[in-house]
Amino acid sequence: MKFGINLFPTVGPQDKSAAQYFEESLRLAELADELGFHHVKTVEHYFSPYGGYSPDPVTFLAAAAARTRRIRLVTGAVLPAFTHPVKLAGKLAMLDGISGGRLDVGFGRAFLPDEFQAFGVPLDESRARFDEGVDACKLLWSTEQAVWDGRFYRFGPVTLLPRPVQQPHPRILVATAKSAESAEAAGRNGYGVMLVPSINSREQVQDVLALYRKAAAAGGFAPTDEDVHMSYNAFLADDADEAQRLGRQYADQSHGALAAAVSSWAHTRSSDYPGYEKIVERVGKGNFDRQVADRKALVGSPEQVVAAVETIRDWFGEVTLSLQVVSGNVPYERAARSLRLFAEHVLPRF
């Protein structure tokens, strides 16, 4: 198994300034690099405390690349629906060069109606725009004098500069919150997947993984642990009671940011997002104790977290876990303590 950090902000100006958040997060990226973690990842979201401090993961990861030497950089994820593929492919190729070939590109469809409305993009075009954006970026990375004539974009012949360091292109990962169809398509295309176990049952995640691995095998692709990413809120302390008390406090704030962000689904419907109108109800039923007990969050003493990770490995196999150590308004020193305890007590066991 491999382990990294997912710097998913769930704070706003009322909690800390953007400058403070970025500086603390970059220090955590440096620390993760020093401690031997596999990757640092960040998201693309807009406008709200649910991810809004990270509208461009490429900018943040470029800064992280300059302050680290070994750790991989993962977009978790960039959103093709909101960016022209010539622009997106160029930015990502530049980041691959700046980092010396340490980039893994995670693509996502986006799922918040307010973001689609702000960009003037119909929700019902989400999947088509995603598919076209990923395919166009892949073509631009791997082909000179590329020509594209799609539903949403037309360009070429053009040769993208800079060319990516990793040839024919960086590893591609596809974010799938709930869609088995997306996971199956990722496997068929030889891509990795990024999953969020916290919003699905263990059985649902296992079913999605089985479909993904079956589709990958049928396509002649053998995924490694680096091709299956799962994100978990993580808060460790030497004292288990302290970890539970503080972990609950930060999780409640993070959960509140998510609930506010998805609230527009209460009056929104889209054929590209069947069943998402129920997400408001599901988020409203969030329960911290149940999340921890069901191994959907890694909270507790180091030994408790070791046991939780062992269970996760038994359920899902050899995968990569992304630790969300800044979920909620976690002070830097407490997030750094979680990383140090994980590196000292958990990493050596796996």
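This structure is a prediction, so every number in the text was calculated from the model and none was measured.

S.K.: Go over the pattern of salt bridges, please, and point to the residues and values.
M.R.: Considering all chains together, one arrives at 16 salt bridges under this definition. When the shortest N-O distance is used, the salt bridge between glutamate 30 and arginine 67 registers 2.8 Å. In this pair, glutamate 30 sits in helix H1 (residues 18–35) while arginine 67 sits in helix H2 (residues 57–67), placing the two residues 37 residues apart along the sequence. Overall, the relative accessible area of 24% leaves glutamate 30 in the partly exposed class. For arginine 67, a relative accessible area of 30% puts it in the partly exposed group. Residue arginine 349 pairs with glutamate 303 through a salt bridge whose shortest N-O separation is 3.2 Å. With arginine 349 in the segment after helix H12 (332–346) and glutamate 303 in helix H11 (residues 302–316), the pair connects residues that are 46 residues apart, well separated along the chain. Looking at arginine 349, the relative accessible area reads 44%, which means it is partly exposed. On the basis of relative accessible area, glutamate 303 is assigned to the partly exposed category, the value being 48%.

S.K.: Talk me through the pairing of strand E7 (residues 171–175); I want residue IDs and the actual numbers.
M.R.: In this structure, strand E4 (residues 103–107) lies alongside E7, joined through four bridges in parallel fashion. Note that in E7 the partner of valine 105 across the bridge is isoleucine 172. Relative to strand E8 (residues 192–195), E7 runs parallel, the two being bridged by three bridges. What sits directly across from alanine 175, in E8, is methionine 194.

S.K.: Describe the side chain of lysine 296, naming the residues involved and giving the relevant values.
M.R.: When you line up the elements, lysine 296 lands in the loop between helix H10 (288–293) and strand E10 (297–300). As a buried residue without a salt bridge, lysine 296 has its nearest oppositely charged side chain in aspartate 294, at a separation of 4.9 Å. From its side chain, lysine 296 meets the backbone oxygen of asparagine 200 in a polar contact 2.9 Å long. Apart from residues no more than four positions distant in its own chain, lysine 296 is found in contact with Pro197, Ser198, Asn200, Ser201, Tyr232 and Gln291.

S.K.: Just give me the short version of the packing of aromatic side chains, but keep the residues and values in it.
M.R.: Under the defined criterion, the tally for this structure stands at 19 aromatic pairs. A centroid spacing of 4.8 Å and a plane angle of 50° characterise the contact between phenylalanine 8 and tyrosine 50, whose relative ring orientation is tilted. Of the two residues, phenylalanine 8 sits in the loop between strand E1 (2–7) and H1 while tyrosine 50 sits in the loop between strand E2 (39–42) and H2, which places them 42 residues apart along the sequence. Residue class for phenylalanine 8 comes out buried when judged on its relative accessible area of 11%. With a centroid separation of 6.2 Å and 75° between ring planes, the pair formed by tyrosine 46 and phenylalanine 82 is classed as edge-to-face. Here tyrosine 46, found in the loop between E2 and H2, pairs with phenylalanine 82, found in the loop between strand E3 (72–78) and helix H3 (85–98); they are 36 residues apart in sequence, far enough to count as distant. For the pair shown, tyrosine 46 and phenylalanine 82 are each scored as buried. Every member of this aromatic cluster is reached through a ring pair, and the members are Tyr46, Phe47, Phe82, Phe116, Phe119, Trp265, Tyr273 and Tyr276.

S.K.: Explain the nonpolar core residue by residue, including any values.
M.R.: The nonpolar side chains of soluble globular proteins are, as a tendency, buried together. Ranked by size, the top nonpolar core spans 90 residues in total, and within it Leu28, Phe37, Phe107, Trp141, Met230, Leu298 and Leu321 carry the most contacts. If one sorts the elements of this core by residue count, H12 sits on top with eight residues. The contacts of methionine 230, once residues within four sequence positions are left out, are Leu195, Pro197, Val205, Leu209, Phe316, Val319, Thr320, Leu321 and Ser322. One finds Tyr50, Leu79, Ala261 and Val262 within the second-largest nonpolar core, a separate group that totals 22 residues.

S.K.: Could you give an account of the packing of helix H6 (residues 180–189) against helix H7 (residues 202–218), with specific residues and numbers?
M.R.: At a minimum axis separation of 7 Å, H6 and H7 run at an interaxial angle of 25°. Between H6 and H7, the interaxial angle falls into the category roughly parallel. Considering the relative orientation of H6 and H7, their crossing is right-handed. Contacts between H6 and H7 involve Ala180, Ala183, Glu184, Ala186, Gly187 and Arg188 on the former and, on the latter, Val208, Leu211, Tyr212, Ala215 and Ala216. Classifying every residue of the contact of H6 with H7 gives eight nonpolar, one polar and two charged.

The rules behind these values
- For every chain, the first residue of its written sequence is number 1, and the numbers climb from 1 along that sequence.
- It should be noted that, the model being predicted, local features are given only for residues of pLDDT at least 70 and side-chain atom pairs only at 80 or more, the latter also being counted only at that level, while totals for whole chains, interfaces and linings use all residues.
- Side-chain metrics rest on all non-hydrogen atoms present in the structure, leaving aside hydrogens and water.
- When a carboxyl oxygen of Asp or Glu lies within 4 Å of a side-chain nitrogen of Lys or Arg, that pair is called a salt bridge.
- In this text, helices come from DSSP runs of H or I with a minimum length of four residues, and strands from runs of E with a minimum of two, each type numbered from the N-terminal end.
- Exposure categories follow from relative accessible area, calculated using a 1.4 Å probe and restricted to protein chains: below 20% of the type maximum is buried, above 50% is exposed, and the middle band is partly exposed.
- Here, any two strands with at least 2 DSSP bridges between them count as paired.
- The charge count treats Lys and Arg as positive and Asp and Glu as negative. His and the chain ends do not count.
- Two N or O atoms count as a polar contact when they lie within 3.5 Å, although within protein this holds only if one can serve as hydrogen donor and the other as acceptor, and sequence-adjacent residues are included solely when both atoms are side-chain atoms.
- Here a residue-residue contact requires only that any non-hydrogen atoms of the pair lie within 4.5 Å.
- Ring pairs are drawn from Phe, Tyr and Trp, using the six-membered ring of Trp, whenever the two centres fall within 6.5 Å, and their geometry is named by plane angle: stacked under 30 degrees, edge-to-face over 60, tilted for the rest.
- Within this scheme, the nonpolar core is defined by two criteria: the residues are buried Ala, Val, Leu, Ile, Met, Phe, Trp, Tyr or Cys, and they are joined through side-chain atoms within 4.5 Å.
- To obtain each axis, a line is fitted to C-alpha atoms, and for helices this fit is confined to the stretch in contact; angles are then taken between N-to-C directions over 0 to 180 degrees.
- Small angles under 35 degrees read as roughly parallel and large ones over 145 as roughly antiparallel, with 65 to 115 read as roughly perpendicular and the rest as oblique.
- If you view the pair so one helix is near and one far, a crossing is left-handed when the near helix is turned anticlockwise from the far one by less than a right angle, and right-handed when it is turned clockwise.
- Charged means Asp, Glu, Lys or Arg here, nonpolar means Ala, Val, Leu, Ile, Met, Phe, Trp, Tyr, Cys or Pro, and polar covers whatever is left, Gly included.

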